[in-house]
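Topology and contacts: notes
This is what each chain is made of:
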Amino acid sequence: MGLGEWVPFRWPPDWDDPGQVEIVRGTPFNCAVGDRISPAVRDAFRKVGIQVVSLKSAPVTVIENARWPQVQTGTNGEIDAGPTGNPWIDANGFAIQVARALNPSKPIWLTEDPPPRHIHTANQEQLAVCDAEAYGGHWLPTPNPSTWHAVVAARKFFLAHRAWQSYRPVARLAVVSDFVSPHRELALETLNLLTRLNVPFTIGRKPSASTAMVLDIDRQPANKEAWELATEIHGKLGRRNDLFRLWNGRSLNVHFTASPDGQSSLLQLINYAATVPGEAVTAGIMGAYRSARIYTFDRPDGSPIELHRSRNAVELYLPPFPVYAAIELVR
């Protein structure tokens, strides 16, 4: 089994009954990650074709301090608002994009766990899958009998649409940094805030033909604050460089990519509230498109969605979705 074919999960260190391996039999997961897996369980994995690897020695990039994806709430359950005015979201997409830019040949794994005393639902576990997969990373779930079916369904969805992994970000902004101290903290938080401001970006020193601006974070003053820098860039780009717009999408992050031939675009929407929005969401995408399909976990094969055309864009009125939707648009 090649490195790129690994579909990893973490095995609980206190699960030492070989019979417990049955929970992963028949699922897409084929790579058990753990440093304290008993010989009997290892043998059971071997019999069902599951490879066992150590997180310490696996030839992958592990994102340190990955965040459990969620909308943050206060001590009384109220939603915390960030500096963007939208709910404060814990997400990992920006960190995955950095990791892919720095080590494009290595798979990217995330190992975050729910916060202590956090009651998490099947939707929230699916959210953790989406938060990684939409950007080309892999969250390593730990089997939980009450939510495992939802995790398996989400992983099957992304494996069925693995062609999307060849799509590349579309952006008017190119970000340059070495992502090491003393620039790393400013660079990462700026990318996090740009994501919340719906400002797509690419990472690297070779801007594409569509790039309108290059941001060299390593040349910023030592006292520059991430929020100041992100809003400054957002303002300079202006609405004329918008690639998409959302209405009523306060709990959503968006990843916008295009196929290698440029004939298809993909708008992935991740709902960090992990529940059906109270308001209908509308998406506007700049450009001329002939048709579109929307994919959700309950419709993995997709279904047509009507395009409402304007002079320079199309608008789509989205059906409610609790966790994830992907819209594939064809020129």
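Here the structure is shown first, and the text comes after it.
Residues numbered from 1 in each chain as written. Predicted model: local features only at pLDDT ≥ 70, side-chain atom pairs only at ≥ 80, totals over all residues. Heavy atoms only, no water.

Strand pairing in a sheet is mediated by backbone hydrogen bonds. Such pairs are either parallel or antiparallel. Read from one edge to the other, the open sheet built from four strands follows the order 13-16-20-19, with strand pairing classed as antiparallel. This sheet does not close on itself; its edge strands, each paired only once, are strand 13 (244–247) and strand 19 (308–309). Relative to strand 16 (residues 282–286), strand 13 runs antiparallel, the two sharing four bridges. By the bridge assignment for strand 16, Leu246 is matched with Ala283. (Pairing = 2+ DSSP bridges. Helix = DSSP H or I, 4+ residues; strand = E, 2+ residues; numbered from the N terminus.)

What follows is about the environment of Glu112. Summarising the element assignment, Glu112 is placed in the loop between strand 7 (108–110) and helix 3 (122–133). The class for Glu112 is buried, based on a relative accessible area of 5%. Taking C-alpha positions, Glu112 is 16 Å from Tyr135, a pair spaced 23 residues apart along the chain. Excluding residues that lie within four positions of it along the chain, Glu112 makes contacts with Arg10, Ala66, Arg67, Trp68, Pro69, Asn92, Asp131 and Trp139. (Buried < 20%, exposed > 50% of the residue type's maximum accessible area, 1.4 Å probe, protein only. Contact = heavy atoms within 4.5 Å.)

As a further point, take the side chain of Thr282. In this fold, Thr282 is placed in strand 16. Beyond its immediate sequence surroundings of up to four residues, Thr282 is in contact with Arg245, Leu246, Trp247, Glu315, Leu316 and Tyr317.

Across five bridges, strand 17 (residues 291–296) lies against strand 21 (residues 324–330) in antiparallel orientation. Each bridged residue has a counterpart across the sheet, and for Tyr295 the counterpart in strand 21 is Ala326. In the sheet, strand 17 pairs with strand 18 (residues 299–304) via three bridges, with the strands oriented antiparallel. Within strand 18, the position partnered with Thr296 by the bridge is Arg299. Between strand 17 and strand 18, which pair antiparallel in sequence order, lie two residues.

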